[in-house]
Amino acid sequence: MNISRVGLILLIIGLVLLLNSWSSHVPRYVSSSFGKAEANETLSYSILIAPVGIGNVTIGSRQITGSSMPPELGMNKPIVLPVHLVVKSPANQRLIEKDVVTPYSNQIYFTERGEYTVHITNKGTEASPIPTGLIFLETNDNSNRETDKFNLSIILLISGLTLVCISLVTKAIKNK
Amino acid sequence: MGNLAGINSSLALLKAEMKKVWSRPILELAVILIALISVSAIQTLVQIEDQSKSQLAFQLLVGNGVSAIMTRQMQPLIIFCSILMSLSFARDYEQGLMQSMLSLPISRTSLFTMKFLAVILPLTFLSWGFVIFFSILNYYSNLFLVIQFVIFALPIALLALMFYGGLATIVSLVIKRTIPSALTAMLTGFFFWFITTLDTQAIGNTAEYLALTPYKTPLVLLDRTMGVIFPPGSLEISLPIWVFVTLTLIYASIFVLLSFVYFVRRFEVRE
């Protein structure tokens, strides 16, 4: 296989990846709740996420999106509860560690692909569910694109373009 | 010495055949189509899980991701298998190249094998390459797990492609004309896909057995090896895995053997 074909194939893959990283969107809202936490018990959540930039981690908010559930059922009622919150990055760095009262939201900049862990300790006196969610405010904005895919697509495009150019120049020199 | 010369001439034939079949712009078109289809199967990774079950959830995510890419790839692979096999066999016959090849000191067995492999092997590696590339790209935070999963996709892709390759070969050898054989092989391939889209409302209880069709069986086998979850009580989960292994092997070899026997024993060229 000659150099121009390799370049063209890299260019194609780079372009496909660029289109994908440009057009795919993060969901506006993701939420999960796993059982109740007794007093002084800790619930641990894993956020499996791509490097999509700024997102809001919400604790104790029971918002249900895209649901036709009537508000009178009380599902949108937030949980008021004192908790101790720890959020760790995939590299095990503590991004947040503080005592807060739910419903609570904190902005996190997701820069790594992998598992962010959220540990929430119930500091109240009664058992309570502590739902955890993620809100992305600007889903149609470039700030929530997958940066690693975007960067790789740029690298592939540049390398493909370079190889195609080298092959064209070599051909031109040979023909001369 | 004679064996070595035979191997060398077979390899030279394989190389020449690959160069001819995958000439510009066939490879580039295959890359575009398979890359576009594969990338449409992956979704942005955003999920919240119970930490005690996060490893299991990640395994499911990777398994579903690999399965989704492979499933999406099957349709462009059917198209390329049909076109390339008819280019390799029927066009060579139409242009009189087959007559020249058969007059060379190469056995029909070698000729058939090399022509078949020249299409199937690059397609398999192209398909597998994109499965690896997009799976690693989406889940590289647990690289070891991803590699464990994508390894299963290689034999499954090869066996699935052998079915469509064998089908396209026998069609090309019988029809002996490029366009009609490519279209016939494509339509027959798509028929196998189409029947898997039918549900119980359309064909009643027979729909439960669609997991045993040539299109679905290798994909179910891949899902089973990766631990993808099926609805409880479905045929995909209730049958032992060896049933799917056996069926996949039977499907993979049936048309290949038929076309091989036909090419070696019955295939005649006009003067």
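Coordinates for the structure precede this section.
Computed from a predicted structure; not experimentally measured. Throughout, a residue's number is its position along its own chain's written sequence, starting from 1. The lettering of chains begins at A and the numbering of ligands begins at 1, in the order of writing. For a predicted model such as this one, the threshold for reporting local features is a pLDDT of at least 70, and the threshold for listing and counting side-chain atom pairs is 80 or more; totals across whole chains, interfaces and linings nevertheless cover every residue. Each side-chain value is worked out from all heavy atoms of the structure, with water and hydrogens disregarded.

Visitor: Outline the pairing of strand S3 (residues 42-49) of chain A, supporting the account with residue identities and numerical values.
Guide: Successive side chains on a regular strand alternate, one facing one side of the sheet and the next facing the other. For S3 of chain A, a buried count of 6 out of 8 residues is recorded, marking the element as mostly surrounded by other parts of the structure. Here 8 bridges tie S3 of chain A to strand S8 (residues 114-122) of chain A, and the two strands are oriented antiparallel to one another. The residue of S8 of chain A that forms the bridge with Thr42 of chain A is Thr121 of chain A. In this analysis, strands are considered paired if DSSP registers two or more bridges between them. Working definition: helices are DSSP H or I runs of at least four residues, strands are E runs of at least two. Numbering for both runs from the N terminus. Bridging between S3 of chain A and strand S1 (residues 46-50) of chain B involves 5 bridges; their strand directions are antiparallel. By the bridge assignment, Ile47 of chain A is partnered in S1 of chain B with Ile48 of chain B. Buried residues are those whose accessible area, probed at 1.4 Å on protein chains only, stays under 20% of the maximum for their type, while exposed residues exceed 50% and partly exposed ones sit between those limits.

Visitor: Summarise the packing of aromatic side chains; cite the residues concerned and give the values.
Guide: Residues and elements named next belong to chain B. Centres within 6.5 Å make a pair out of two Phe, Tyr or Trp rings, where for Trp the six-membered ring is used; the pair is then stacked when the planes are under 30 degrees apart, edge-to-face when over 60, and tilted otherwise. Counted under the stated rule, the structure contains 21 aromatic pairs over all chains. Pairing Phe133 with Phe134 gives two aromatic rings, centres 5.0 Å apart and planes at 70°, and the pair type is edge-to-face. Between Phe163 and Tyr164 the ring centres are 5.0 Å apart and the planes differ by 80°, which places this aromatic pair in the edge-to-face class. A single burial state applies to Phe163 and to Tyr164, both of which are buried.

Visitor: So what about empty space enclosed by the protein? Which residues, and what values?
Guide: Residues and elements named next belong to chain B. For each structure, a 1 Å grid was placed over the protein atoms alone; sets of points admitting a 1.4 Å probe that cannot get out are labelled cavities, open sets with protein on both sides within 12 Å along at least five of seven lines are labelled pockets, and lining residues have an atom within 4 Å of a point. Grid points are joined across faces, edges and corners, and a volume is the space filled by probe spheres set on the points. In total, this model carries 1 cavity of 30 Å³ or more according to the counting rule given. As a volume, the largest cavity reaches approximately 40 Å³. Around the largest cavity, the lining residues are Leu159, Ala160, Phe163, Tyr164, Pro214, Pro218, Thr248, Tyr251 and Ala252. Elements supplying a minimum of two residues to the lining of the largest cavity: helix H6 (143-175) and helix H11 (241-266). Here the lining of the largest cavity gets 4 residues from one element, more than from any other, and that element is H6. Throughout, the ten residues Ala, Val, Leu, Ile, Met, Phe, Trp, Tyr, Cys and Pro are labelled nonpolar, Asp, Glu, Lys and Arg are labelled charged, and all others, Gly among them, are labelled polar. Within the lining of the largest cavity, the residues separate by chemical class into 8 nonpolar, 1 polar and no charged.

Visitor: Which residues make up the packing of helix H2 (residues 147-175) of chain A against helix H5 (residues 108-139) of chain B, and what are the values?
Guide: The packing of two helices is summarised by the inter-axis angle and the distance between the axes. Helix axes use the C-alpha atoms of the stretch in contact, all axes being lines fitted to C-alpha atoms, and the angles between their N-to-C directions lie in the range 0 to 180 degrees. Direction vectors running N to C along H2 of chain A and H5 of chain B enclose 135°, while the axes themselves pass 10 Å from each other. As summarised for this structure, H2 of chain A and H5 of chain B are arranged oblique, according to the angle between their axes. Of the two elements, H2 of chain A crosses H5 of chain B, and the hand of that crossing is right-handed. Here H2 of chain A contributes Asp148, Lys149, Leu152 and Leu156 of chain A to the contact with H5 of chain B, which in turn contributes Phe133, Leu137 and Asn138 of chain B. In terms of residue class, the contact of H2 of chain A with H5 of chain B is built from 4 nonpolar, 1 polar and 2 charged. Angles are sorted into four bins: roughly parallel if under 35 degrees, roughly antiparallel if over 145, roughly perpendicular if 65 to 115, and oblique for all others. Take the far helix as your reference; a near helix turned counterclockwise from it by less than a right angle gives a left-handed crossing, and one turned clockwise gives a right-handed crossing. Any two residues having at least one pair of non-hydrogen atoms within 4.5 Å are treated as being in contact.

Visitor: Outline a nonpolar patch on the surface, listing residues and values.
Guide: Where nonpolar side chains cluster on the molecular surface, the patch consists of Leu19 of chain A together with Leu29, Ile32 and Leu36 of chain B and spans about 340 Å² of accessible area. Within the secondary structure, Ile32 of chain B sits in helix H2 (residues 26-40). Of the residues examined, Ile32 of chain B reaches a relative accessible area of 33% and is grouped as partly exposed. Here, patches come from residues exposed beyond 30% relative accessible area and free of salt bridges, joined within 9 Å for like charges and within 5 Å for nonpolar side chains (Val, Leu, Ile, Met, Phe, Trp, Tyr). Accessible surface is estimated by sampling points in the Shrake-Rupley manner with a 1.4 Å probe; for residues, cover comes only from the protein chains shown. The term salt bridge refers to a side-chain nitrogen of Lys or Arg lying within 4 Å of a carboxyl oxygen of Asp or Glu.

Visitor: Provide a residue-level description of the packing of helix H1 (residues 3-23) of chain A against H2 of chain B, including the pertinent values.
Guide: Across the interface, H1 of chain A lies against H2 of chain B with an axial gap of 10 Å and an inter-helix angle of 20°. Overall, the two elements H1 of chain A and H2 of chain B adopt an arrangement that is roughly parallel. Remark: the crossing between H1 of chain A and H2 of chain B carries right-handed chirality. Across the interface between the two elements, Arg5, Leu8, Ile9, Ile12, Ile13, Val16 and Asn20 of chain A of H1 of chain A pack against Leu27, Glu28, Val31, Ile32, Ala35, Leu36 and Val39 of chain B of H2 of chain B. Looking at the contact of H1 of chain A with H2 of chain B residue by residue, the classes come out as 11 nonpolar, 1 polar and 2 charged.

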